[in-house]
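Chain by chain, the residues:
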Amino acid sequence: MTSSSRREWLIPTLLILLSAVPLAAGAVRVGELAGGAQITPDNARFLASPVPVVLHIISSGLYCVLGAFQFVPGIRRRRIGWHRTAGRLLVPLGLAAALSGLWMTVFYAIPEGDTGLLTVIRLVFGTAMALSLVLGLAAVRRRDIARHGAWMIRGYAIGLGAGTQVLTHLPWTLFIGTPGEFSRAMLMGAGWVVNVAVAEWVIRGRPAGSARPRPASRVEGTR
C-alpha cells in the first residue's frame, strides 16, 4: 500500500474508531435485551419496548461503519457502482436511526439524569439528521451532486454524534466527576455541535470544481 493510499484510508479508519465505543455499548445493550436481563431503572424502558432501541442500535451502527467508506476518494472515483449501492443503503439506514431515535425521545420515559433540555436537543439534532438525508436524496435526484454531498456529510456528522459525545464527556468525568443534568445536556449537545462544525469546515474546504454538477449520464441513484 502506497503512502497516498494509506492517507486515503486514514479518515474512514478514524471515523470507525470514533464509532467504536457506541458500537460496543450497543452490542452490550442488544445482548442484554436478548438475554432477559434483570429489570433496572436504566433498562426498564428498553425491556418494555425493545423494538425501537434494537432498530436504532443496528441501523445507526451500520450507518456509521458503512458511511465511513464513502469518504475514501479512491472508492468514489474507481468504484462508483459500489459508492451508489452503499448510498442507497445509507439513506434508509440513516433515516431508521434518526426516526427511531426521535421515537425513543418522545415515547420512552425520561431516564434519571436527563432533562427537558436534553430532550429538546435530541429532537433538534434527530430532526436535522433526517432532514439532511431527505435533502441529500432530493439533491442527487436533481443531479446536484455538490449539494447532495454536502447534505450527506451533515447527516453523517450528526449520526456520528454518539462517538464524539464520549470524548466530550471523558475530560469532564475525569477531572470534575459525574455531570449533573444541565452539564450532561450541554456535553451531549457539544458532541453534535462539534461534528456539525467539522462537517461545515469540510464542506467549505472542498475544491470549487466539486460544486459543478456532473453530466446526467454519469449520475445514477444516490452517491
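Residues numbered from 1 in each chain as written. Predicted model: local features only at pLDDT ≥ 70, side-chain atom pairs only at ≥ 80, totals over all residues. Heavy atoms only, no water.

The name given to the protein in an unreviewed UniProt entry is Apolipoprotein N-acyltransferase, with Nocardiopsis sinuspersici as the source organism.

Asks: In this structure, what is going on with the overall build of the protein? I would like to understand it.
Replies: Within the protein, the secondary structure is distributed over eleven helices and zero strands. Seen in sequence order, the protein has helices and strands lined up from the N terminus as α-α-α-α-α-α-α-α-α-α-α. Its C-alpha atoms give the protein a radius of gyration of 18 Å, within 12% of the compact-globule value 17 Å for 223 residues. Along the first, second and third principal axes, the C-alpha atoms of the protein reach 55 × 35 × 35 Å. Evaluated residue by residue, the protein yields a buried proportion of 41% over its 223 residues. In the protein, the share of contacts with a sequence separation of at least 24, taken over all contacts with a separation of at least 6, comes to 73%. A total of about 12300 Å² of accessible surface is found on the protein, and carbon and sulfur atoms cover 69% of it. (Helix = DSSP H or I, 4+ residues; strand = E, 2+ residues; numbered from the N terminus. Rg over C-alpha atoms; globule rule 2.2 N^0.38 Å. Buried < 20%, exposed > 50% of the residue type's maximum accessible area, 1.4 Å probe, protein only. Contact = heavy atoms within 4.5 Å. Areas by Shrake-Rupley, 256 points an atom, 1.4 Å probe, with all protein chains shown as cover.)

Asks: I would appreciate a short explanation of the confidence of the model for the protein in the present structure.
Replies: Predicted coordinates in regions of low pLDDT should not be interpreted in detail. Per-residue pLDDT for the protein averages 88, and the proportion of residues at 70 or more is 90%. When the criterion is pLDDT under 50, residues 209–223 qualifies, and its contacts beyond four places in sequence or with other chains add up to 32 contacts. (pLDDT = per-residue confidence, 0-100.)

Asks: Looking at this structure, how should I read the UniProt feature "transmembrane region" (unreviewed entry) in the protein?
Replies: Mapped onto this structure's residue numbering, the UniProt feature "transmembrane region" (unreviewed entry) falls at residues 50–69, 89–110, 116–139, 151–170 and 182–203. Within residues 89–110, the helical portion is 86% and the strand portion 0%, while the C-alpha atoms at the span's ends are 31 Å from each other. With 100% helix and 0% strand, residues 116–139 has its two end C-alpha atoms placed 34 Å apart. (UniProt positions renumbered as here; feature names shortened; annotations may be inferred.)

Asks: I tried to follow the pattern of salt bridges on my own but got confused; where do I start?
Replies: Working definition: two side chains of opposite charge can pair if their charged atoms are close together. A complete count under the given rule lists seven salt bridges for this structure. Linking arginine 122 and aspartate 114 is a salt bridge whose minimum nitrogen-to-oxygen distance equals 2.9 Å. For arginine 122, a relative accessible area of 25% puts it in the partly exposed group. In this structure, arginine 154 engages glutamate 200 in a salt bridge whose closest nitrogen and oxygen atoms are separated by 2.5 Å. Residue arginine 154 is found in helix 9 (residues 145–159), and its partner glutamate 200 is found in helix 11 (residues 181–204); the two are separated by 46 residues along the sequence. For the pair formed by arginine 154 and glutamate 200, the shared burial category is buried. Via salt bridges that share partners, Arg29, Glu32 and Asp42 belong to a single interconnected network. (Salt bridge = Lys/Arg side-chain N within 4 Å of Asp/Glu carboxyl O.)

Asks: Just to check I follow, could you spell out the packing of helix 10 (residues 161–175) against helix 11 for this structure?
Replies: When two helices pack together, their arrangement is captured by the angle between the axes and the distance separating the axes. Packing of helix 10 against helix 11 brings their axes to within 8 Å, and their N-to-C directions diverge by 130 degrees. Overall, the two elements helix 10 and helix 11 adopt an arrangement that is oblique. By crossing handedness, the relation of helix 10 to helix 11 is classed as right-handed. For the pair helix 10 and helix 11, the contacting residues are Gly161, Thr164, Gln165, Thr168, His169 and Trp172 in the first and Ser183, Arg184, Leu187, Met188, Ala190, Gly191, Trp192, Val194 and Asn195 in the second. Each residue belonging to the contact of helix 10 with helix 11 can be placed in one class, and the counts come to six nonpolar, eight polar and one charged. (Axes fitted to C-alpha atoms, helices over the stretch in contact; angles between N-to-C directions. Parallel < 35°, antiparallel > 145°, perpendicular 65-115°, else oblique. Left-handed = near helix turned anticlockwise from the far one by under 90°. Nonpolar A, V, L, I, M, F, W, Y, C, P; charged D, E, K, R; others polar.)

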